[in-house]
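# Coordinate inspection notes
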Amino acid sequence: MTVLGFATKDAVILETELAQYGQVFVTTDDGSYGIKGNVSVVINDLDIQFDAVYSCGAPGMMKYINQKFYNHPRAYLSLESRMACGMGACYACVLKVPESETVSQRVCEDGPVFRTGTVVL
Ligand code: FES
């Protein structure tokens, strides 16, 4: 199952391609296509156990996924960040780690994919 969220109908991509692998839900913020709202509208209504969760996209949605699947053993966030060096030296892309004041993760070097619950968004 795939849940895709877009701002408007004009931005919708990959629906047909991903439908080859399973059911696809599409949401649009303005309701111009699919279900009105963001992906949380669909995910919150589904009464299923996800075997795995793979997510990428807008910061707000990534924060939602991180919280919703915080302790899920196979839920992943593919994060973006502003980067200066892109090789772990400048710490421009640092994320905090839960319950730590001294440990951090660099999106460029330690990611960009992180398991949910391992970084603070
Ligand atoms: S961009 Fe420099 S440490 Fe990530």
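The protein chain appears in an unreviewed UniProt entry as Dihydroorotate dehydrogenase electron transfer subunit from Streptococcus oralis.

Now for the sheet that holds strand β1 (residues 2–6). On the basis of which strands lie adjacent, the open sheet formed by 3 strands has the order β1-β2-β3 and parallel pairing. At either margin of the open sheet sits one strand with a lone partner, and together these are β1 and β3 (35–36). Note: strand β2 (residues 24–28) against β3, 2 bridges, orientation parallel. Considered in β3, the bridge of T28 is made with K36.

Tracing the sequence through the fold places M62 in helix α3 (residues 59–68). Classification of M62 by relative accessible area gives buried; the value is 3%. Sequence spacing of M62 and L79 is 17 residues, and the spatial spacing of their C-alpha atoms is 7.9 Å. In contact with M62, not counting residues within four places along its chain, are S55, C56, G57, L77, S78, L79 and L121.

Quick look at the nonpolar core now. I43, I65, F69 and L79 are the most contacted members of the largest nonpolar core, which totals 17 residues. Elements with a contribution of two residues or more to this core: α2 (39–45), α3, β5 (75–78) and α4 (107–110). Top contributing element to this core by residue count: α3, with 3 residues. Look past the residues within four positions of I65 in its chain and what remains in contact with it is I43, V53, S55, Y70, L77 and T116.

For the rest of this paragraph, the subject is the layout of surface pockets. When its volume is computed, the largest pocket comes out at roughly 900 Å³. Around the largest pocket, the lining comprises 37 residues; the ones closest to its centre are V3, V39, Y54, S55 and M61. Of all elements in the fold, only β1, α2, β4 (53–56), α3 and β5 reach the threshold of two or more residues within the lining of the largest pocket. By residue number, the principal contributor to the lining of the largest pocket is β1, which donates 5 residues. Considering only residue class, the lining of the largest pocket consists of 24 nonpolar, 11 polar and 2 charged. The calculated volume of the second largest pocket comes to roughly 160 Å³. Lining the second largest pocket, in full, are G57, P59, M62, K63, L79, E80, L95 and L121. With 3 residues, the top contributor of residues to the lining of the second largest pocket is α3. Considering only residue class, the lining of the second largest pocket consists of 5 nonpolar, 1 polar and 2 charged.

In the structure shown here, the tally under the stated rule is 1 salt bridge. The partner of R106 in a salt bridge is D110, and the shortest N-O contact between them spans 3.3 Å.

Here we come to α3. Considered for burial, the residues of α3 that qualify are M62, Y64, I65 and N66. Here the buried face of α3 lies against α2, β4 and β5.

Definitions and limits used
Residues numbered from 1 in each chain as written. Predicted model: local features only at pLDDT ≥ 70, side-chain atom pairs only at ≥ 80, totals over all residues. Heavy atoms only, no water. Pairing = 2+ DSSP bridges. Helix = DSSP H or I, 4+ residues; strand = E, 2+ residues; numbered from the N terminus. Buried < 20%, exposed > 50% of the residue type's maximum accessible area, 1.4 Å probe, protein only. Contact = heavy atoms within 4.5 Å. Core = buried A, V, L, I, M, F, W, Y, C linked by side-chain atoms within 4.5 Å. 1 Å grid on protein atoms, 1.4 Å probe; cavity = no way out; pocket = protein on both sides within 12 Å on 5 of 7 lines; lining within 4 Å. Points joined across faces, edges and corners; volume = space filled by probe spheres on them. Nonpolar A, V, L, I, M, F, W, Y, C, P; charged D, E, K, R; others polar. Salt bridge = Lys/Arg side-chain N within 4 Å of Asp/Glu carboxyl O.

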